[in-house]
Amino acid sequence: SAVISQKPSRDICQRGTSLTIQCQVDSQVTMMFWYRQQPGQSLTLIATANQGSEATYESGFVIDKFPISRPNLTFSTLTVSNMSPEDSSIYLCSVQAGRGGYTFGSGTRLTVV
Amino acid sequence: AQKVTQAQTEISVVEKEDVTLDCVYETRDTTYYLFWYKQPPSGELVFLIRRNSFDEQNEISGRYSWNFQKSTSSFNFTITASQVVDSAVYFCALSEAQNRDDKIIFGKGTRLHILP
């Protein structure tokens, strides 16, 4: 199944700044998914990223706040813009994997101060 | 709309006891997929199982077993002879086949504590 390299693994950022998270997959995949996991909570889908088209955002998430790039079939970035402490979360990318499951990156633990 | 409910927020059992984690789902699709994931304290998500809606056979993998019942829209997960290493948050998830984006929706998770 696919292997995802996600970075950075963690970061502490000042409010008002932006952070770009990268996910590199070891095989070509059609769709990549970005999730947010707030402290002690479940995973919430932010957006689905297809190569060559704009990402599809879920209700409550907007492109200005979470711009996504998908330049090719193995790579995607998620930017968390104009950060506030409420953005402190774990951010994960995901792709479909073998056996019908979904593989997740190791996550980016973001703390905004 | 799809929805996954894990009513048990937190469970504690003593090592070697059996424990069942409940999952109830809602979907309007006739074809869908159900998943279980484990998230240990280290934070990574570990894929455990996928079941499609046409396969109601129960599955056993070592100490893990899953009971899928379409009549009650449930996909429960049982750990037999629990071990401390089973301590984690467990998520049940659902994906609808009609959903062109193939996205999966997660339940809120059940935090399982296995006490030595």
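Read on for a plain summary of the structure. Keep in mind that this is a model prediction, so the values were computed, not measured. (Residues numbered from 1 in each chain as written. Chains lettered and ligands numbered in written order. Predicted model: local features only at pLDDT ≥ 70, side-chain atom pairs only at ≥ 80, totals over all residues. Heavy atoms only, no water.)

Some remarks on the sheet that holds strand S1 (residues 4-7) of chain A
All names here are of chain A. As a reminder of what qualifies: Should DSSP find at least two bridges between two strands, the strands are taken to pair. Every helix listed is a DSSP run of H or I at least four residues long, and every strand listed is a run of E at least two residues long, numbered separately from the N terminus. Axes, fitted as lines to C-alpha atoms, cover a helix only where it is in contact. Angles between the N-to-C directions of the axes lie from 0 to 180 degrees.
Read from one edge of the open sheet, four strands run S1-S3-S8-S7, paired in antiparallel fashion. Two strands bound the open sheet, and with one partner strand each, they are S1 and strand S7 (68-72). If you compare each strand with its neighbour and ignore which way they point, the axes differ by 15 degrees on average. Where strand S3 (residues 19-25) lies against strand S8 (residues 75-80), six bridges are found, and the strand directions are antiparallel. The residue of S8 that forms the bridge with Cys23 is Ser76.

Let's talk about the pattern of salt bridges
Residues and elements named next belong to chain B. Worth spelling out the cut-off: Salt bridge, as used here: a side-chain nitrogen of Lys or Arg that lies within 4 Å of a carboxyl oxygen of Asp or Glu. Relative accessibility under 20% of the residue-type maximum defines a buried residue, over 50% an exposed one, and the middle range a partly exposed one, all with a 1.4 Å probe and only protein chains included.
Under the counting rule described, the total for this entry stands at four salt bridges over all chains. The shortest N-O distance in the salt bridge between Arg51 and Glu59 comes to 2.9 Å. Given the relative accessible area of 31%, Glu59 is considered partly exposed. Put simply, Arg51, Asp55 and Glu59 are held in one network by salt bridges that share partners.

Looking at the state of the cysteines
Spelled out, the test is: When two cysteine sulfur atoms are found within 2.5 Å, that pair is recorded as a disulfide.
In total, this model carries two disulfides over all chains according to the counting rule given. Covalent S-S linkage joins B:Cys23 and B:Cys92, the inter-sulfur distance amounting to 2.0 Å. Judged by the sign of its S-S torsion, about -65 degrees, the bond between B:Cys23 and B:Cys92 is left-handed. Of this pair, B:Cys23 sits in the loop between strand S3 (19-21) and strand S4 (24-26) while B:Cys92 sits in strand S10 (residues 88-96); the two residues are 69 residues apart in sequence, bridging distant segments of the chain. An identical accessibility class is assigned to B:Cys23 and B:Cys92; each is buried. With no disulfide partner, A:Cys13 has as its closest neighbouring cysteine sulfur the one in A:Cys23, 16 Å distant.

Purely geometric stuff here, so don't read any function into it on its own.
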